[in-house]
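These are the residues of each chain, in order.
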Amino acid sequence: MFLVRQLAAHGHPDGLFVLGRHLWSGGLVTSDPVAAREQFDRAARAGHGPARILSTNLLASGIAGPRNWLTALSRMSDERAIDPRRKLQIELLSRMTLNSAGQPERLRKPERLSDLPDAQLFPGFATAAECAYLLELGSRNYRPAEINDGRGGTRLDPIRNSDEFTIHWLIEDPVVHAINRRIAAVAASEADRGEAMQLLRYRPGQRYRAHYDYNPGLDNQRELTALIYLNHDYKGGETSFIKTALKVKGRKGDLLLFRNTLSDGSVDPMSEHEGSSIISGTKYLASRWIRERRFAP
Ligand SMILES: O=C(O)CCC(=O)C(=O)O
Ligand SMILES: [Fe+2]
């Protein structure tokens, strides 16, 4: 760490970037996302390519510091030379009809599926191109999914034997961020209340057994759950509510939104659900748990 700090102190781009990564993740130093972002910004100004990408992502999302959507968009154009994904991201964003703050201008009407649990379906929430983009982000990156242990950490548990990839804050690019803002808009919440988006993959035999997304160990509760179905060419795998007859088998691009808490903040017993076992094919979802209050750093 001494060497890294020395290099950073001299404005060395790699030193600043590596210091930023350590400050972001913690471990050798105390985690400090705001200080990390400052190092990424300095590394970016010193010409460090990967730091420019992270720094623009954080500027677009307003995580660990200020948010400026339009400046982030103009920086993305300049970044096409260092990251080939920027071109596709600019194309996808141009088709979204966003205002100058990156907010969606039009929202699809929901279908009410049930009152208890409070569940709604937004058909065609994401376009086929957006689903393809998320699927490509996940490919090659999946690892066994864990569950929240209620003590600030996560652990493997036989209740959930599927795979996941978390689009954590640094790699939450402006396309993912715009989708996260759209989720927040249909959920009548703020984007910064969402946990990082997760991509989920279930192959035959994989499932997420009956559970509540509400977790008694959390003081900032998972109030809402949003699931985007990224495909529908598989058998089995419904999102099934255990205490009612409600089973949801979304089509590609549909979003299921349900509430895990009652109006007094306590758990809604009817929100217990499972991702049923896959019979054939592979199911892909994008999920976002929405907290009661700001959750993003
Ligand atoms: O796979 C599903 O349909 C449900 C996923 C789920 O319950 C979750 O990720 O919390
Ligand atoms: Fe769940």
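Everything numeric here is computed off the predicted structure, so don't read it as measured data.

Before going further, it helps to spend a moment on the nonpolar core. Membership of the largest hydrophobic core comes to 35 residues, with the highest contact counts inside it found for L134, M197, L199 and I228. Per element, the largest residue contribution to this core is six residues, and it comes from helix 8 (residues 174-186). Taken domain by domain, this core gets at least three of its residues from each of domain 1 (2-94) and domain 2 (111-291). Contact partners of L199, with chain neighbours within four places excluded, come to L134, L137, G138, Y142, D163, E164, F165, I167, L230, L285 and A286. With 22 residues, the next largest nonpolar core counts A8, L19, L54 and I63 among its residues.

Next up on the list: the site of ligand 1. Around ligand 1 sit 13 residues in total, of which Y202, D213, T239, H273 and K283 are the nearest. Here Y202 contributes a side-chain N or O atom positioned 2.6 Å from an oxygen atom of ligand 1. One of the side-chain N or O atoms of D213 is found 3.1 Å from an oxygen atom in ligand 1. Coverage of ligand 1 by the protein chains reaches 100% of its 290 Å² of free accessible surface. Broken down by secondary-structure element, the contributors of at least two residues to the shell around ligand 1 are strand 7 (197-202), strand 8 (208-211), strand 14 (273-275) and strand 16 (283-291). For the shell around ligand 1, the element with the most residues is strand 16, which contributes three residues.

Following both chains from N to C, one finds helix 3 (residues 33-45) and helix 4 (residues 49-61) inclined at 130°, their axes separated by 8 Å at the closest point. As far as their axial angle goes, helix 4 and helix 3 are oblique. Here helix 3 and helix 4 pass one another in a crossing that is left-handed. For the pair helix 3 and helix 4, the contacting residues are R37, F40, D41, A43 and A44 in the first and A51, R52, L54, S55, L58 and L59 in the second. For the contact of helix 3 with helix 4, a count of residues per class yields seven nonpolar, one polar and three charged.

Time to look at the UniProt feature "domain: Fe2OG dioxygenase" (unreviewed entry) in the chain. Sequence positions flagged by UniProt for "domain: Fe2OG dioxygenase" (unreviewed entry) are, in local numbering, residues 193-292. Annotation note: span residues 193-292, helix share 0%, strand share 45%, distance between end C-alpha atoms 7 Å.

Right, let's talk about the coordination of the iron ion (ligand 2) for a bit. The protein atoms donating to the iron ion (ligand 2) are H211 (NE2), D213 (OD) and H273 (NE2), with metal-donor distances spanning 2.1 to 2.2 Å. Mapping the donors of the iron ion (ligand 2) onto the primary sequence yields the spacing H-x1-D-x59-H. Here D213 is found in the loop between strand 8 and strand 9 (222-229), whereas its partner H273 is found in strand 14, with 60 residues between them in sequence. A relative accessible area of 4% places H273 in the buried class.

Calculation notes
Residues numbered from 1 in each chain as written. Chains lettered and ligands numbered in written order. Predicted model: local features only at pLDDT ≥ 70, side-chain atom pairs only at ≥ 80, totals over all residues. Heavy atoms only, no water. Core = buried A, V, L, I, M, F, W, Y, C linked by side-chain atoms within 4.5 Å. Buried < 20%, exposed > 50% of the residue type's maximum accessible area, 1.4 Å probe, protein only. Helix = DSSP H or I, 4+ residues; strand = E, 2+ residues; numbered from the N terminus. Domains from an automatic or database assignment. Contact = heavy atoms within 4.5 Å. Near = heavy atom within 4 Å. Polar contact = N/O pair within 3.5 Å; in protein donor to acceptor, adjacent residues only side chain to side chain. Areas by Shrake-Rupley, 256 points an atom, 1.4 Å probe, with all protein chains shown as cover. Axes fitted to C-alpha atoms, helices over the stretch in contact; angles between N-to-C directions. Parallel < 35°, antiparallel > 145°, perpendicular 65-115°, else oblique. Left-handed = near helix turned anticlockwise from the far one by under 90°. Nonpolar A, V, L, I, M, F, W, Y, C, P; charged D, E, K, R; others polar. UniProt positions renumbered as here; feature names shortened; annotations may be inferred. Donors = N, O, S within 2.8 Å, 3.2 Å for Na, K, Ca; no water.

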